[in-house]
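Residue strings, one per chain:
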Amino acid sequence: MSASLLGKASDKGLLSFGVHDLRDWTYDRHRTVDDTPYGGGPGMVMKPSPWGEALDDVLTPSARLVVPTPSGRPFTQAVAAEMAAGDHLVFACGRYEGIDSRVMRHYAPLVRVDEVSIGDYVLAGGEVAVLVMIEAISRLVPGVLGNFESVTDDSFAPGRMETLVEGPVFTKPRDWRGQAVPDVLMSGHHGRIARWRRDEAFRRTAALRPDLLARLDPAGLDKHDRKL
Ligand code: 6GU
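Residues numbered from 1 in each chain as written. Predicted model: local features only at pLDDT ≥ 70, side-chain atom pairs only at ≥ 80, totals over all residues.

### Notes on the overall build of the protein chain
Then comes step 1: Looking only at helices and strands, one finds nine helices and seven strands in the protein chain.
Then comes step 2: For a compact globule of 228 residues, the expected C-alpha radius of gyration is about 17 Å, and the protein chain comes in at 22 Å, more than 25% above that figure.
Then comes step 3: Counting only C-alpha atoms, the protein chain reaches 70 × 40 × 40 Å along its principal axes.
Then comes step 4: Within the protein chain, buried positions represent 17% of all 228 residues.
Then comes step 5: Considering only intrachain contacts with a sequence separation of at least 6, the fraction spanning at least 24 residues in the protein chain is 71%. (Helix = DSSP H or I, 4+ residues; strand = E, 2+ residues; numbered from the N terminus. Rg over C-alpha atoms; globule rule 2.2 N^0.38 Å. Buried ≥ 20, exposed ≤ 12 C-beta atoms within 10 Å, placed from the backbone. Contact = placed C-beta atoms within 7 Å.)

Structure below.
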């Protein structure tokens, strides 16, 4: 977290972060954070008491509690933008089979509690998922990216009229290993370039993300789009 984009943002004072060890809120000699699940079954569940002690110390009235879990609501660009607008995010990374669900219930009346998933696969713990979320959220904090334009052009940027994935991009040299850059990009004709990019984005979205295409708002389509 102290490297690259996040590190620079924190050096500039645009955001700050801290990491806590849940075991600091245990009092037994083995610093136990988990136990067997009631009702039986495989794996271990995180005990509520260390989480309660830790969160009582770490949460503030304006904080949001974010709990990474494969059973959460999908973490999307819109969720990232919503979280970027908050002033204090607390991520509670569960290991094992998850956190005793009374913890989330307990804090729900006190702060906003969000159980979120970064995709349909299972990670061993929430930490890597939280790094993903922090990176997506931080780059939306004003000043964190050098060029704010690069945010609004993103495939999933909120505020885009529609949600398409981005088409292919090219840079110098003009010819590389027998492949030329498409002529239209060398034409200097901004209208044609914009049209070509939009067509490519449509083609790519249709091929790789038919789910996104199905959700497109027809009101955002122009005549040419409809023919594609
Ligand atoms: Cl947020 N946490 C874990 N442990 N696994 C996941 C996930 C989160 N999102 C997808 N898989």
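From this point, things continue past the structure.
### Some thoughts on the packing of helix α1 (residues 4-11) against helix α5 (residues 127-138)
Then comes step 1: Running from N to C, α1 and α5 point in directions that differ by 55 degrees, and their axes come no closer than 10 Å. In terms of their interaxial angle, α1 and α5 are classed as oblique. Two packed elements cross with a definite hand, and for α1 against α5 that hand is left-handed. Residue-level inspection shows L5, L6 and A9 of α1 in contact with α5, the latter providing I134, E135 and S138. (Axes fitted to C-alpha atoms, helices over the stretch in contact; angles between N-to-C directions. Parallel < 35°, antiparallel > 145°, perpendicular 65-115°, else oblique. Left-handed = near helix turned anticlockwise from the far one by under 90°.)

### Looking at the pairing of strand β3 (residues 64-74)
Then comes step 1: Examined bridge by bridge, β3 and strand β4 (residues 89-91) share three bridges and lie parallel to one another. Directly across from V66, in β4, lies its bridge partner F91.
Then comes step 2: The parallel pair β3 and β4, bridged by helix α3 (residues 77-84), forms a crossover whose chirality is right-handed.
Then comes step 3: Pairing between β3 and strand β5 (residues 112-117): seven bridges, direction parallel. From the neighbouring strand, R64 faces β5, where its bridge partner is R112. (Pairing = 2+ DSSP bridges. Right-handed = clockwise from strand over helix to strand, strands pointing away.)

### With respect to the sheet that holds β3
Then comes step 1: Spatially, three strands are ordered β4-β3-β5 in an open sheet, and the strand pairing comes out parallel. The outermost strands of the open sheet, each flanked by one partner alone, are β4 and β5. In this sheet, neighbouring strand axes are inclined to one another by 40 degrees on average, regardless of whether the strands run parallel or antiparallel.

### A short note on the UniProt feature "binding site: S-adenosyl-L-methionine" (unreviewed entry) in the protein chain
Then comes step 1: Within this structure's numbering, the places UniProt gives as "binding site: S-adenosyl-L-methionine" (unreviewed entry) are G94, I118, G119, D120, Y121, V122 and L123.
Then comes step 2: You can see G94 is positioned in the loop between β4 and α4 (102-107).
Then comes step 3: In this structure G94 comes out as buried when scored by C-beta crowding, with 22 C-beta atoms within 10 Å.
Then comes step 4: Discounting chain neighbours no more than four positions away, the residues touching G94 are M46, V67, T69, I99, G125 and G126.
Then comes step 5: Mapped onto the fold, G119 is located in the loop between β5 and α5.
Then comes step 6: Taking the C-beta count within 10 Å as the criterion, G119 has 11 such neighbours and is therefore assigned exposed. (UniProt positions renumbered as here; feature names shortened; annotations may be inferred.)

### Description of unusual backbone geometry
Then comes step 1: Omega for the peptide link from K172 to P173 comes to 5 degrees, which places this bond in the cis form.
Then comes step 2: At S4, a position not held by glycine, the phi torsion is positive, near 55 degrees.
Then comes step 3: Mapped onto the elements, S4 comes out in helix α1.
Then comes step 4: Residue S4 is classed as exposed on the basis of its 9 C-beta neighbours within 10 Å.
Then comes step 5: Backbone geometry places Y96, a non-glycine residue, at a positive phi of 60 degrees.
Then comes step 6: By secondary structure assignment, the location of Y96 is in the loop between β4 and α4.

### A look at the site of the ligand
Then comes step 1: The ligand sits among 13 residues. The nearest are P68, P70, S117, L123 and A129.
Then comes step 2: If you list the elements that add at least two residues to the shell around the ligand, you get β3 and β5.
Then comes step 3: Looking at which element gives the most residues to the shell around the ligand, the answer is β3, with three residues.
Then comes step 4: Here the shell around the ligand is composed, by residue class, of eight nonpolar, five polar and no charged. (Near = placed C-beta within 6 Å. Nonpolar A, V, L, I, M, F, W, Y, C, P; charged D, E, K, R; others polar.)

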